[in-house]
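So the chains spell out like this:
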Amino acid sequence: MKITEKDVAYVANLANLDLTDSESVRMEKDLNAILEYVDQLAELDTSNVAPMAQVSQLGTVPGGITDSLRDDEPRECLSREAAMAGAPQTDGTFFRVPKVIER
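Residues numbered from 1 in each chain as written. Predicted model: local features only at pLDDT ≥ 70, side-chain atom pairs only at ≥ 80, totals over all residues. Heavy atoms only, no water.

### What about the overall build of the chain?
Part 1 of the reasoning: The helix and strand inventory of the chain stands at three helices and two strands.
Part 2 of the reasoning: Taken across its 103 residues, the chain has 8% of its residues classed as buried.
Part 3 of the reasoning: Accessible surface computed for the chain: about 10000 Å², of which carbon and sulfur atoms make up 57%. (Helix = DSSP H or I, 4+ residues; strand = E, 2+ residues; numbered from the N terminus. Buried < 20%, exposed > 50% of the residue type's maximum accessible area, 1.4 Å probe, protein only. Areas by Shrake-Rupley, 256 points an atom, 1.4 Å probe, with all protein chains shown as cover.)

### Some details on the environment of I3
Part 1 of the reasoning: The topology assignment puts I3 in the segment before α1 (5–14).
Part 2 of the reasoning: Note: C-alpha distance between I3 and A33 (30 residues apart in sequence) is 9.7 Å.
Part 3 of the reasoning: I3 has contacts with V8, E28, L31, N32 and L35, leaving out every residue within four places of it along the chain. (Contact = heavy atoms within 4.5 Å.)

### Let's talk about the side chain of N32
Part 1 of the reasoning: Along the chain, the position of N32 falls in helix α2 (residues 21–42).
Part 2 of the reasoning: A polar contact of 2.7 Å, which involves the side chain of N32, links it to the backbone nitrogen of I3.
Part 3 of the reasoning: If we ignore the near neighbours within four places in the chain, the residues touching N32 are M1, K2 and I3. (Polar contact = N/O pair within 3.5 Å; in protein donor to acceptor, adjacent residues only side chain to side chain.)

So this is what it looks like as structure tokens:
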């Protein structure tokens, strides 16, 4: 699959980005280079490669470092009143935030 100028313009529009002509050309080139590299990786035979371990292991890992994640257990939620009390702007029920999308 090859990325075209039209594809870059479409994605930039979705991301609400205003790219200059030179940025669009560079983005097209960079995205095509990424896809070419993925195609090269897809050609590799990985049938004899063992799956990798999780990045974060439970318990103690080599070097004596203990996993710092807490157990995933249900806990009481923050009440609406407590959440609203810390909000800079609220109508009492919902948070008020500035509009960020101009379309």
